[in-house]
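The primary structure of each chain is shown beneath.
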Amino acid sequence: MISIDIKKSFKDIDFNFKVEIIKGSINALFGESGAGKTTFLRLLAGLETPNSGYIKVDNKIWFNKKINLTPQKRDIGFVFQDYALFPNMSIIENLRFAQSLKDEKFIEELLEMIDLKEERNSYPKQLSGGQQQRVALARAVARKPKLLLLDEAFSAVDSKLRSTLQNDIQNIHKRLNLTTIIISHDIAEVYKLASNVIVIEKGVIKKSGSPDILFENSQTSGKFRFSAKIMKIEKADTVYIVTLLIQNNLTKVVSTEEEILTMKVGDDVLVASKAFNPIIIT
Amino acid sequence: MFLETMLLTFKVAFITTLILLIIGVPIALWLSNTKSKIKPIIETIVSMPLVLPPSVIGFYLLIFLGPSSSIGTFVENWFDIRLVLSFEGILIGSILFSFPFMIHPIQSGLQSLPKSLVEASYTLGKTKLQTLFYIQIPNIKNSLLTGIVLTFAHTVGEFGVVLMIGGNIPGETRLASIAIYDEVEALNYDLASQYALTLFAISFVILLFVYTINRKFSGVLR
Amino acid sequence: MNKLYGKISKIISHEGISLVNIETDQAVLGTVLIDTPESCTYLEIGKKITVAFKETEVAIGLKNIGTISMANQIPCKIEKITEGKILSKISLTCKGAKISSIITSNSSKRLNLNNGLEVIALVKANEISLLEE
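These figures come from a predicted structure and were not determined experimentally. Residue numbers run consecutively from 1 along every chain, following the written order of its sequence. The order in which chains are written sets their letters, starting at A; the order in which ligands are written sets their numbers, starting at 1. Whole-chain, interface and lining totals are the exception, using all residues; otherwise, since this is a predicted model, local features are given only for residues with pLDDT of at least 70 and side-chain atom pairs are given and counted only at 80 or more.

What follows is about the environment of Y5(C). All names here are of chain C. Think of it this way: any DSSP run of H or I at least four residues long counts as a helix, any run of E at least two long counts as a strand, and we number them from the N terminus. Position of Y5 among the secondary structure elements: in strand β1 (residues 2–14). Taking the C-alpha atoms as reference, Y5 lies 24 Å from L62; in sequence the two are 57 residues apart. This entry defines residue contacts through backbone-placed C-beta atoms, with two residues in contact when those atoms are within 7 Å. Once residues lying within four places of it in the same chain are set aside, the contact partners of Y5 are T24 and T50.

Right, let's talk about the interface of chain B and chain A for a bit. With 18 residues of chain B in contact, the opposing surface of chain A contributes 18 residues. Broken down by secondary-structure element, the contributors of at least two residues to the side of chain B that touches chain A are α6 (115–123), α7 (128–136) and α11 (189–221) of chain B. Classification convention: Asp, Glu, Lys, Arg as charged; Ala, Val, Leu, Ile, Met, Phe, Trp, Tyr, Cys, Pro as nonpolar; all other residues, Gly among them, as polar. Here the residues of the side of chain B that touches chain A sort into ten nonpolar, five polar and three charged.

By a frequent convention, interface size equals the accessible area lost on bringing the separate parts together. In this complex, chain A contributes 17 residues to the contact, which on the side of chain C involves 24 residues. Looking at the side of chain A that touches chain C residue by residue, the class counts come to four nonpolar, seven polar and six charged.

A separate point is the nonpolar core. For soluble globular proteins, nonpolar side chains are generally found buried alongside one another. All names here are of chain A. Residues L29, A136 and L149 are the most contacted members of the largest nonpolar core, which totals 73 residues. With six residues, the top contributor of residues to this core is helix α4 (residues 129–141). Excluding anything up to four places from it in sequence, A136 contacts V79, F80, Y83, A84 and L85. Joining buried Ala, Val, Leu, Ile, Met, Phe, Trp, Tyr and Cys residues through C-beta atoms within 7 Å gives a set, and that set is a nonpolar core. Each residue is classified by how many other C-beta atoms fall within 10 Å of its C-beta atom, where C-beta atoms are placed from the backbone; a count of 20 or more means buried, 12 or fewer means exposed, and values in between mean partly exposed.

All names here are of chain A. Positioned with a positive phi, Y83 is a non-glycine residue whose angle comes to about 70°. Looking at where Y83 falls in the secondary structure, it is placed in the loop between β6 (76–79) and α2 (91–98). Positive phi values are uncommon outside glycine, yet D237 reaches one of about 55°. Relative to the helices and strands, D237 is located in the loop between β11 (224–236) and β12 (239–246).

All names here are of chain C. With antiparallel pairing, the five strands of this open sheet are ordered in space as β3-β2-β1-β4-β10. In this open sheet, the two edge strands, each paired with only one partner strand, are β3 (28–33) and β10 (129–131). The sheet shows a mean angle of 45° between the axes of neighbouring strands, direction not considered. Pairing between two strands is assigned when DSSP locates at least 2 bridges connecting them. Direction of pairing for strand β4 (residues 48–53) relative to β10: antiparallel, over a ladder of three bridges. For A52, the partnering residue across the bridge sits in β10 and is S129. Throughout, an axis means a line fitted to C-alpha atoms (over the contacting stretch in the case of helices), and angles, computed between N-to-C directions, take values from 0 to 180 degrees.

Our next topic: the pairing of strand β2 (residues 17–24) of chain C. Residues and elements named next belong to chain C. In β2, alternate side chains face the same way, and those of S18, V20, I22 and T24 are buried while those of I17, L19, N21 and E23 on the opposite face are not. The sheet contact formed by β1 and β2 spans eight bridges and is antiparallel. Counterpart to I11 in the pairing with β2 is V20. Two strands pair when backbone bridges link them, and β2 and β3 are joined in this way by six bridges, in the antiparallel orientation. Note that in β3 the partner of L19 across the bridge is V32. What sits between the antiparallel neighbours β2 and β3 is a turn of three residues.

Written out as structure tokens, the structure reads:
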């Protein structure tokens with residue numbers, strides 16, 4: 001169990017993070033940019049110092065009024081947004097550098113998992129962005145830390161690569177049962193990976209619980225909801241057909257004259273339906 | 001005579017560079033990291049030799065290190081070393097005068113390294129010293145080389161400070177740059193041009209060597 | 001979209017699904033939601049709420065409809081019929097509220113609907129959404 005209750009003032013924002021994290025769980029940090037997700041991870045890692053409060057990991061104090069463990073002593077793996085691979089070291093040297101107790105077998109296992117056995121002697125700059133990211137992940141877990149922190153690690157990758165990295169994280173989690181905290185903007189990702197979601201708004205942890213909490217307090221009870229843009233409004237018989245752009249798909253919805261009066265082309269709207277109506281075709 | 005002067009010149013340059021490298025890295029590291037309020041003061045002091053005429057530094061060194069000063073007396077009594085008109089004297093002068101040429105490149109090299117590299121090393125359990133030797137220094141080889149070359153070249157070419165504090169004692173404090181001046185004064189143009197040409201050739205070779213290596217480094221790092 | 005205003009009068013929840021009754025001026029309407037008072041803060045007895053349902057989901061029954069599964073029955077009077085080739089829009093009034101129904105023109109003719117006729121508007125419970133003001 002990780003218990004966190006810390007305060008920090010930083011750049012005019014008062015951060016207040018209070019949450020309990022279950023050992024061995026994968027947690028998604030969810031929130032708008034600037035809400036304080038990265039700050040939360042950095043405070044946990046010891047890269048920033050809280051103004052007050054405590055951090056307790058498995059009954060060991062990491063931070064309180066008297067104690068402030070350095071990042072070196074916190075036994076964490078941190079995946080940085082810019083990967084932070086050491087340019088002067090090859091892939092395998094990057095991984096070896098991460099271990100204080102040498103464990104070549106585990107390094108081989110990691111290289112296999114991230115599919116870079118052949119490239120072990122390449123330097124980071126010779127790899128693609130996605131490969132670098134996988135190395136960064138492998139390096140972060142190479143010394144089998146207690147806590148794995150991922151700072152917006154997947155923000156700059158396409159969906160195929162994203163899925164690969166998500167699988168890597170699941171594999172690592174299965175193998176090491178690491179307590180993991182990952183920053184994510186993607187609800188699909190949250191559902192795929194996380195058993196717990198921590199929602200941060202304006203520097204404060206608002207709630208924590210199953211991914212379903214992301215739906216709480218939404219304005220309507222319709223579960224089938226998308227943001228859409230009105231592309232076209234046409235009359236058809238006694239009704240109107242509204243063409244909507246939802247992400248990259250065009251879709252049509254029937255509407256009435258009274259409703260059309262409140263809409264115009266280009267408006268951003270919310271499309272919702274009761275959960276009972278949509279049919280799923282596999 | 002000629003060989004003695006040339007050897008002395010490069011000896012001073014070599015030792016100055018070595019000492020500055022050893023004390024320059026920690027100072028540059030501190031400057032690149034610190035949020036301390038005295039940072040601007042230290043930076044100013046480090047940069048002073050860039051703007052001050054060498055003779056000013058030489059003058060103050062004479063005053064503060066001379067036989068009648070307390071530092072001069074102390075060092076002479078305890079270590080039996082004279083700090084003015086001596087090899088040790090010009091070494092101190094060269095070190096002080098070349099300070100910014102070593103510190104500035106290293107400091108800016110350290111500052112241009114992504115902060116996350118150092119932080120990543122810390123989160124992997126590495127101490128600050130391990131991080132310095134395994135991560136920071138290997139990734140600023142270009143800057144280190146620039147610092148070394150600038151310091152070396154600057155020391156070889158130094159004139160004012162050396163003349164002020166060291167005088168012109170053959171084999172002890174007479175360096176090539178002073179020798180050239182001397183020979184020209186004595187209308188000894190042949191010897192002057194011998195010094196000049198040698199300095200020119202050696203400097204050219206060193207710089208060429210450095211830039212060739214530098215290109216290799218960048219090949220790996222970029 | 002048809003909107004009626006009322007307040008929540010009854011909530012029965014089971015395994016994440018709730019049956020919620022809303023008392024409006026026109027009728028008591030029931031809706032089924034995949035939410036519970038635990039997951040949704042506005043689900044509480046007495047809470048004022050807007051009931052919304054789409055025109056195309058409103059069926060029309062003549063008086064004395066007899067046995068039918070749809071419990072949401074709103075007695076109305078036809079105010080106007082806009083007839084199209086395929087679809088007809090039936091505008092209804094009911095105790096100060098206006099709602100409409102879109103049905104096929106065939107059905108409208110089959111039922112012999114005309115202005116002033118008293119009818120029952122029927123809505124399935126799973127078609128009713130709740131909007132928080």
